[in-house]
Structures are given as C-alpha cells and as structure tokens.
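Coordinate analysis (summary)
Each chain is listed here by its residues.
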Amino acid sequence: MEQAFWVQSPGSGQLREERLPPPGPDDVLVRTLYSGVSRGTETLVFRGGVPASQYDVMRAPFQEGEFPGPVKYGYLNVGVVEQGPAHLEGKTVFCLYPHQTAYVVPAAAVTPVPESVPAGRAILAGTVETAVNAVWDARPRLGDRIAVIGAGMVGASVAKLLAGFPATRVQLIDVDPAKADIAAALGVGFSTPEAALGDCDFVVHASATEAGLARALELLAPEGEVVELSWYGDRRVAVPLGENFHSRRLVIRSSQVGTVARPDRSYAQRLGVALDLLADPAFDALVSGECMFEDLPSVLPRLVANELSARCLRVMYQPQ
C-alpha cells in the first residue's frame, strides 16, 4: 500500500493510504525519489485560497478531490520507472504528479530526465518550464534593459534565463536584501526596489504584491511592458492606471504556464527545454529546504506561516 499527501481542509494536511491500479501495457509504475513544493501555488492551495471561479483552471494534471479540500495536489515529482515499456524501465523521469510514494500513469505523462541533471534538481522542471514560457511571452531583444521583480522560485528562474541574452541589462529585484545571495548564485544583478534602475524595456513581475506591480510600472521606459507572472489567488489587486500610464503608452500583459506561449512548440517540447536548462548547477540555489515525505503534514503549515525560508521545498522519500 502506498501513501499520498492530501490537503484535508484549509490549513490541515494528512497522509493517506493509496492502492495502485495494475499498470496497463501503455502505463508506467513510478517509485518517487523526490517531489517539490511550489511555494506560491501550493501554499495557496493549502490555505484554501483558490477562488471558486478558478477551480477548473487551477486543477493539477493528476489531482484527486476538489478545492478547497480534501484534495491531493502537486506537480513536481521525480522518480524511477519500476515497470513499463522497455525504453523507460529503470529511467529517472519527471511527472506532473502530487506527493505520493509511488503511482501509475500513462507512459506519455512522464519525461525522462537527462543524465546531466541530478534527480534532486529535476524537481525544478515545472518551475523552469514556467520561466521558459514567461521568456517566450516577454520576447527579449538584444540589448534590452530588463527588471524581474520578486526573487522567488519563478522570478529567480526568469532572471537567470534572461541574463543569458547578449548585451542585456538584467536586475533581479526584491524587498529582502538577503536575496542578493540568490542573484549572485544565478549570475544576475540584484537591487532593492527603491534602488532599481529604470528605463526598462520590459519588467517581469513575480512578487504577487500590489507594491511590486506599481514599482514595475514605474521602472518602465515609454512604450514599455510589464509581463505579469504573479498569481494572486483570491486577493483583489489595485493597479495604478492613472497619472502617466496612458501618456507613456505602457502595457500590462499576463503570462502563465497553462498555454504554450509559442504556437510552434508543444507542451512536451517546452518541458524538454526546461529539463535541458537544468543541467546548469546554478539552479541549485532555488532549493533552500528539505523535509521527509512523512513530515509534510507538519511542515506545510510552517511554510504557509513563513516560518521556513524555502524557495522550493524538496521532499525526500525513503527507499522502498
């Protein structure tokens, strides 16, 4: 009998026993090595902050139950294929599956992890995939002046990718000066909001705060664009569209991972790009906390209460 983590009700989680179905000829049985807690989305789910209007949009691919709970939720899972098609048996794979000791899914739902990417880092594939989509939405150009506001998992990943464009000026901005260490590990410039450089061609906003969005607009050059990557859940957000918003012809556009931002790429291709990028050990800076799977019910409330400083919480599973 396997075990899975469920949000029983807002603010409360528990481990439940799960009986796996027998794998079909086109299925894989995966034994989990690591899973990751996406701090922004999963803490929102844990505290019951998903608006009713977004229940369908927020569903994870292998979610069970319904918001606000009981619900089995998660989408950063890395494991080893114990049973399945010959070309996958024994392979380390990434899957958009919740926190569970083992699971059965269609073989098409897993993506082999490149040998150059450690399994413990591969849990970031979903986060880096979101960052890849944001960069495709932003359409950076040679020599752009760029700011990324919010040095969480997604914002830091976006800044890392954008810093790879030639002759660009990229600043990762956060209210916490200690986040300068993350920026340094990723090879990106850092600033606090008040000291940030302006005249930006575009700003990626990922702080999920009103103040961050307002500062993003202030940092734009005329004709500049804010790529809004924050997910606010059930919170209403005031957007400062007065003063010189119209005279400077500023733009705010949304970006999210549910749609591939390039019509010439598929979901599988986008995930493949993310996994290839994770060969860079600099991404290890995005994992700042670990816990054992059996401790999730006690750790998640502390994460929601900001008692833990994990950007990505890596969940480790006992060998079976």
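Everything below is about the structure printed above this text.
The text that follows walks through the structure, step by step, so that each part is easy to find. None of these values were measured; they are calculated from a predicted model.

Further remarks concern helix α6 (residues 210-218). Buried within α6 are the following residues: G212, L213, A216 and L217. Considered in projection along α6, the buried side chains sweep an arc of 140° and stay on one side of the axis. Seen from the open side of α6, the exposed residues pointing more than 90 degrees away from its buried face are A211 and E218. Residues of α6 that are buried in the fold lie against β10 (145-149), β13 (200-205), β14 (220-228) and β15 (251-254).

For the coordinates displayed, the defined rule picks out 18 salt bridges. Put simply, E223 and R249 hold a salt bridge, and the shortest N to O gap is 2.9 Å. With a gap of 26 residues between them, E223 in strand β14 and R249 in the loop between β14 and β15 connect regions that are remote in the sequence. We note that E223, like R249, is exposed.

What follows is about the nonpolar core. Grouped together as the largest cluster of nonpolar side chains are 67 residues, with contacts concentrated most on L124, V158, L162 and L296. Considering every element that reaches this core, the biggest residue donor is helix α3 (residues 125-138), with 8 residues. The contacts of L162, once residues within four sequence positions are left out, are V135, P140, I146, V148, T168, V170, F202 and V204. By size, the runner-up hydrophobic cluster in this structure holds 16 residues, among which are I149, A196, L213 and L250.

This paragraph deals with helix α7 (residues 267-277). Along α7, the residues classified as buried are R270, L271, A274 and L275. Buried residues along α7 cover an arc of 140° about the axis, so they all sit on one side. Exposed residues pointing more than 90 degrees away from the buried face of α7 are listed as A268 and D276. Each element contacted by the buried residues of α7 is listed here: β7 (92-95), β9 (110-112), α2 (119-122) and α3.

Read from one edge of the open sheet, 6 strands run β12-β11-β10-β13-β14-β15, paired in parallel fashion. Looking at which strands have only one partner, the edges of the open sheet turn out to be β12 (189-191) and β15. Strand-to-strand, the axes of this sheet are offset by a mean angle of 25°, without reference to chain direction.

Before going further, it helps to spend a moment on a nonpolar patch on the surface. On the surface, V239, L241 and I252 cluster together to form a nonpolar patch covering roughly 210 Å² of accessible area. Locating I252 in the fold gives a position in strand β15.

About the criteria used
Residues numbered from 1 in each chain as written. Predicted model: local features only at pLDDT ≥ 70, side-chain atom pairs only at ≥ 80, totals over all residues. Heavy atoms only, no water. Buried < 20%, exposed > 50% of the residue type's maximum accessible area, 1.4 Å probe, protein only. Helix = DSSP H or I, 4+ residues; strand = E, 2+ residues; numbered from the N terminus. Arc of directions from axis to C-beta. Contact = heavy atoms within 4.5 Å. Salt bridge = Lys/Arg side-chain N within 4 Å of Asp/Glu carboxyl O. Core = buried A, V, L, I, M, F, W, Y, C linked by side-chain atoms within 4.5 Å. Pairing = 2+ DSSP bridges. Axes fitted to C-alpha atoms, helices over the stretch in contact; angles between N-to-C directions. Patch = residues over 30% accessible without salt bridge, like charges linked within 9 Å, V, L, I, M, F, W, Y side chains within 5 Å. Areas by Shrake-Rupley, 256 points an atom, 1.4 Å probe, with all protein chains shown as cover.

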